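Spelled out, the chains give:
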Amino acid sequence: MTNFRIGFGYDVHQLKEGYEFWLGGIKLEHEKGAVGHSDADTLIHVICDALLGAANLRDIGFHFSDKDPKYKGIDSKILLKEVMALVRKEGYEIGNLDTTICLQIPKVNPHIPEMKKCLATVMEIPENNISIKATTTENLGFVGRQEGISAYCVALIYHQ
Ligand SMILES: [Zn+2]
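Residues numbered from 1 in each chain as written. Predicted model: local features only at pLDDT ≥ 70, side-chain atom pairs only at ≥ 80, totals over all residues. Heavy atoms only, no water.

Draft legend 1. Region of interest: the pattern of salt bridges. Scanning the entire structure with this criterion turns up seven salt bridges. For D98, the salt bridge is made with K133, and the minimal N-O distance between the two is 2.7 Å. In this pair, D98 sits in strand β5 (residues 92-102) while K133 sits in strand β6 (residues 130-135), placing the two residues 35 residues apart along the sequence. (Salt bridge = Lys/Arg side-chain N within 4 Å of Asp/Glu carboxyl O. Helix = DSSP H or I, 4+ residues; strand = E, 2+ residues; numbered from the N terminus.)

Draft legend 2. Just helix α4 (residues 112-123), in detail. Taking 1.5 Å as the rise per residue, α4 with twelve residues should run 16 Å; its terminal C-alpha atoms sit 16 Å apart, in good agreement. Within α4, burial applies to I112, M115, C118, L119, A120, V122 and M123. Elements in contact with the buried residues of α4: β2 (21-23), β3 (26-28), α1 (42-54), α3 (76-89), β5 and β6. The positive-phi residue at the C-terminal boundary of α4 is E124, with phi of around 55 degrees. (Expected span 1.5 Å × (residues − 1). Buried < 20%, exposed > 50% of the residue type's maximum accessible area, 1.4 Å probe, protein only. Contact = heavy atoms within 4.5 Å.)

Draft legend 3. Structural view of α3. Compared with an ideal rise of 1.5 Å per residue, which puts 14 residues at 20 Å, α3 spans 20 Å between its outermost C-alpha atoms and is within 8% of the ideal. Looking only at α3, the buried set comprises S76, K77, L79, L80, V83, M84 and V87. Buried residues of α3, seen end-on, are gathered within an arc of 150 degrees and therefore sit on one face of the element. The opening residue of α3, the one whose side-chain oxygen lies 2.9 Å from the backbone nitrogen of K77, is D75. (Arc of directions from axis to C-beta. Polar contact = N/O pair within 3.5 Å; in protein donor to acceptor, adjacent residues only side chain to side chain.)

Draft legend 4. Geometry of the packing of aromatic side chains. This model, assessed by the stated rule, comprises four aromatic pairs. Judged by centre distance (6.1 Å) and plane angle (50 degrees), the ring pair of F4 and Y158 falls under tilted. With F4 in strand β1 (residues 4-17) and Y158 in strand β7 (residues 148-159), this pair connects stretches of sequence that are 154 residues apart. What makes F4 partly exposed here is its relative accessible area of 41%. You can call Y158 partly exposed: its relative accessible area is 28%. (Phe/Tyr/Trp six-rings, centres within 6.5 Å; stacked < 30°, edge-to-face > 60°.)

Draft legend 5. Structural detail: a nonpolar patch on the surface. A grouping of I6, F8, Y10, V12, F142, Y152 and V154 is seen on the molecular surface, where their side chains present a nonpolar patch of about 640 Å² in accessible area. Within the residue set of the nonpolar patch, elements represented by two or more residues are β1 and β7. Tallying contributions element by element places β1 first for the nonpolar patch, with four residues. With relative accessibility at 32%, the residue F142 sits in the partly exposed group. (Patch = residues over 30% accessible without salt bridge, like charges linked within 9 Å, V, L, I, M, F, W, Y side chains within 5 Å. Areas by Shrake-Rupley, 256 points an atom, 1.4 Å probe, with all protein chains shown as cover.)

Draft legend 6. Local environment of the side chain of N129. You can see N129 is positioned in the loop between α4 and β6. In terms of polar contacts, N129 uses its side chain to reach the backbone carbonyl oxygen of G95, at 3.1 Å. Apart from the residues within four sequence positions on either side, N129 is in contact with I94, G95, N96 and L97.

Draft legend 7. Main features of the coordination of the zinc ion. Taken together, D11 (OD), H13 (NE2) and H45 (ND1) make up the full set of protein donors to the zinc ion, lying 2.0 Å away. Counting the intervening residues between successive donors of the zinc ion yields the motif D-x1-H-x31-H. Using a relative accessible area of 17% as the deciding quantity, one classes D11 as buried. Residue H13 is classed as buried on the basis of its relative accessible area, which comes to 11%. (Donors = N, O, S within 2.8 Å, 3.2 Å for Na, K, Ca; no water.)

As structure tokens, this is what we get:
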């Protein structure tokens, strides 16, 4: 059991008109999109942070600075691939991920199978090891007012 480690990730992005809405590696059709230095894929960012946390490798901002023009508008799938390489370099493999997306609209549920497929390909792990859940916040707070999106992830990794 001592080979197992757990990590946790949390992230928020603002939603605004005129931005693309990337989530879980796919593009959602919506009048608003997520604002950020990268493509602002909140789900991928929490997965990266949970994996880095599990391996005690700091956080996503430490590895990919939002001041660095190299990462401006970058596809977060590239960041996730790099995080996987960092974690695997330390001798870890992924057990499973469990995530929750908090978004008022649009509905996330119809897109979950495609997100899982996309993330499994990027991370080179079975789809069965990736859980994606979605909830609204019952119209409460910044998520409820459709001003932003938040997400959470826990990840289990183990030493090979
Ligand atoms: Zn983010």
